[in-house]
Amino acid sequence: ATCYMNAVFQQLFMQPQIRAGVLGAAAVEPAEVSESVFAQLQNMFAMMALGKCMFFIPRDFWFAFKDYDGSPIDVKEHQDAYEFFTRLQDFIDQHLLSSGQAPAIKPVMGGRFVQQVICRGHDFTSERQEDFYQISVDVKGMGSLERSLDDYVKGELMEGDNAYFCEELGRRVPAVKRSAIKALPHMLCIHLKRFEFDYHNQTRYKVRCAGCCVRLHALGVARPAEEQDK
């Protein structure tokens, strides 16, 4: 049940800059290779790029990539591809940065959010920027990726008892709090939230309903934050 891994490996390998960053990095010390996720990924990419075999079985990677309890991951158990991807990207860039090398993931997949609080009726906006590697969007009832992205940036109204305290004005005022896209990465990764948590039964379930399927049609480049409607 490693199809979720295979999907992530292939997507990363097919990005020339990421592939070059992993393959061009300094080799891991021999004593650390067996426990190094980066070393095993580097070996896998080398076999995919230069090997003559029609397939590659990443047994050493399975051993090096541990679960949260510190045990080798169970390859018979299907895992969440999004969670695996976020952990793997951290392993890659953290290893490279800790050894004084340039990151491989961030230059390709790193974008920037701007967290905004927009005061209504007043010309004041509070902004805070933060990096991102992927965007998680809702799919239930959306019908298209464009609508999912519009829903992501629409924000929430803060008013009444939940009004925003504006330090600039010295009082509470109605405001819209939202996340917007400040800078797009070269490769934008979008996570479709097809699973939800049932708090009554304490289980996760897959979203299955009419209109839940998100159509991946041609989508124009998202507008930067300063051009999006307020």
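What you see is a predicted model; the values in this text were computed from it and never measured. (Residues numbered from 1 in each chain as written. Predicted model: local features only at pLDDT ≥ 70, side-chain atom pairs only at ≥ 80, totals over all residues. Heavy atoms only, no water.)

What about the pairing of strand 1 (residues 111-119)?
Inference 1: Extensive coverage of strand 1 is indicated by the burial of eight of its nine residues.
Inference 2: The sheet contact formed by strand 1 and strand 2 (residues 125-132) spans eight bridges and is antiparallel. By the bridge assignment for strand 2, Phe113 is matched with Glu130.
Inference 3: Hairpin connection of strand 1 to strand 2: five residues between the antiparallel strands, including Gly121 at a positive phi of 85°. (Buried < 20%, exposed > 50% of the residue type's maximum accessible area, 1.4 Å probe, protein only. Helix = DSSP H or I, 4+ residues; strand = E, 2+ residues; numbered from the N terminus. Pairing = 2+ DSSP bridges.)

Examining the nonpolar core
Inference 1: Ranked by internal contacts, the top residues of the largest apolar core, which has 31 residues, are Leu12, Leu41, Phe61, Phe84, Leu88, Ile92 and Met109.
Inference 2: Mapped onto this core, the elements with two or more residues apiece are helix 1 (3-13), helix 2 (16-23), helix 3 (37-50), helix 4 (59-64), helix 5 (81-98) and helix 6 (106-109).
Inference 3: Leaving out residues up to four positions away in the same chain, Phe61 has contacts with Met5, Phe9, Val37, Gln40, Leu41, Met44, Phe84 and Leu88. (Core = buried A, V, L, I, M, F, W, Y, C linked by side-chain atoms within 4.5 Å. Contact = heavy atoms within 4.5 Å.)

A look at the packing of helix 2 against helix 3
Inference 1: Contact geometry for helix 2 and helix 3: axes closest at 9 Å, N-to-C directions at 115°. Here helix 2 runs over helix 3; the crossing is left-handed. Judged by residue contacts, Arg19, Val22 and Leu23 of helix 2 engage Phe38, Leu41, Gln42, Phe45, Ala46 and Ala49 from helix 3.
Inference 2: Residue composition of the contact of helix 2 with helix 3, by class: seven nonpolar, one polar and one charged. (Axes fitted to C-alpha atoms, helices over the stretch in contact; angles between N-to-C directions. Left-handed = near helix turned anticlockwise from the far one by under 90°. Nonpolar A, V, L, I, M, F, W, Y, C, P; charged D, E, K, R; others polar.)

Here we look at the sheet that holds strand 4 (residues 156-158)
Inference 1: Strand order in the open sheet formed by four strands is 2-1-7-4, with antiparallel pairing between adjacent strands. The strands lining the two open edges of the sheet, one partner per strand, are strand 2 and strand 4. Strand-to-strand twist in this sheet, taken as the mean axis angle between neighbours without regard to direction, amounts to 30°.
Inference 2: Relative to strand 7 (residues 175-183), strand 1 is paired through eight bridges, and the arrangement is antiparallel. Following the sheet pairing, Ile118 is matched in strand 7 by Val176.

Some remarks on helix 3
Inference 1: With 14 residues, helix 3 ought to run about 20 Å at 1.5 Å a step, and its terminal C-alpha atoms sit 20 Å apart, in line with that.
Inference 2: Residues Val37, Phe38, Ala39, Gln40, Leu41, Gln42, Met44 and Phe45 constitute the buried set of helix 3.
Inference 3: Buried residues along helix 3 sit against helix 1, helix 2, helix 4 and helix 5. (Expected span 1.5 Å × (residues − 1).)

Considerations on the packing of aromatic side chains
The geometry of an aromatic ring pair is captured by two quantities: the separation of the ring centres and the angle between the planes.
Inference 1: Scanning the model with the defined rule gives ten aromatic pairs in all.
Inference 2: Here Tyr4 and Phe84 contribute two aromatic rings whose centre-to-centre distance is 5.6 Å and whose plane-to-plane angle is 90°, an arrangement assigned as edge-to-face. Here the residue Tyr4 occupies a position in helix 1, and Phe84 occupies one in helix 5, the gap between them amounting to 80 residues.
Inference 3: Residue Tyr4 is classed as buried on the basis of its relative accessible area, which comes to 3%.
Inference 4: Residue Phe84 is classed as buried on the basis of its relative accessible area of 3%.
Inference 5: Their ring planes at 80° and their centres at 6.3 Å tell us that Phe61 and Phe84 sit as a pair that is edge-to-face. With Phe61 in helix 4 and Phe84 in helix 5, this pair connects stretches of sequence that are 23 residues apart. Side by side, Phe61 and Phe84 carry an identical accessibility label, which is buried.
Inference 6: Through pairs of rings, three or more aromatic residues link up here, namely Tyr4, Phe9, Phe61, Phe65, Phe84 and Phe91.
Inference 7: Its guanidinium or amino end placed over the ring of Phe13, Arg19 lies 5.1 Å from that ring's centre, counting from NZ or CZ. (Phe/Tyr/Trp six-rings, centres within 6.5 Å; stacked < 30°, edge-to-face > 60°. Lys NZ or Arg CZ within 6 Å of the ring centre and 35° of its normal.)

What to know about the pattern of salt bridges
Inference 1: Scanning the model with the defined rule gives five salt bridges in all.
Inference 2: For the salt bridge of Lys106 with Asp131, the shortest nitrogen-to-oxygen distance reads 3.2 Å. Taken together, the residues Lys106 in helix 6 and Asp131 in strand 2 connect sequence positions 25 residues apart.
Inference 3: Owing to a relative accessible area of 39%, Lys106 belongs among the partly exposed residues under this scheme.
Inference 4: Here Asp131 falls in the partly exposed class, since its relative accessible area comes to 47%. (Salt bridge = Lys/Arg side-chain N within 4 Å of Asp/Glu carboxyl O.)

Looking at a nonpolar patch on the surface
Inference 1: Among the surface-exposed residues, Met54, Phe55 and Ile57 lie close enough to one another that they form a single nonpolar patch of about 400 Å² accessible area.
Inference 2: Along the chain, Phe55 turns up in the loop between helix 3 and helix 4.
Inference 3: Overall, the relative accessible area of 62% leaves Phe55 in the exposed class. (Patch = residues over 30% accessible without salt bridge, like charges linked within 9 Å, V, L, I, M, F, W, Y side chains within 5 Å. Areas by Shrake-Rupley, 256 points an atom, 1.4 Å probe, with all protein chains shown as cover.)

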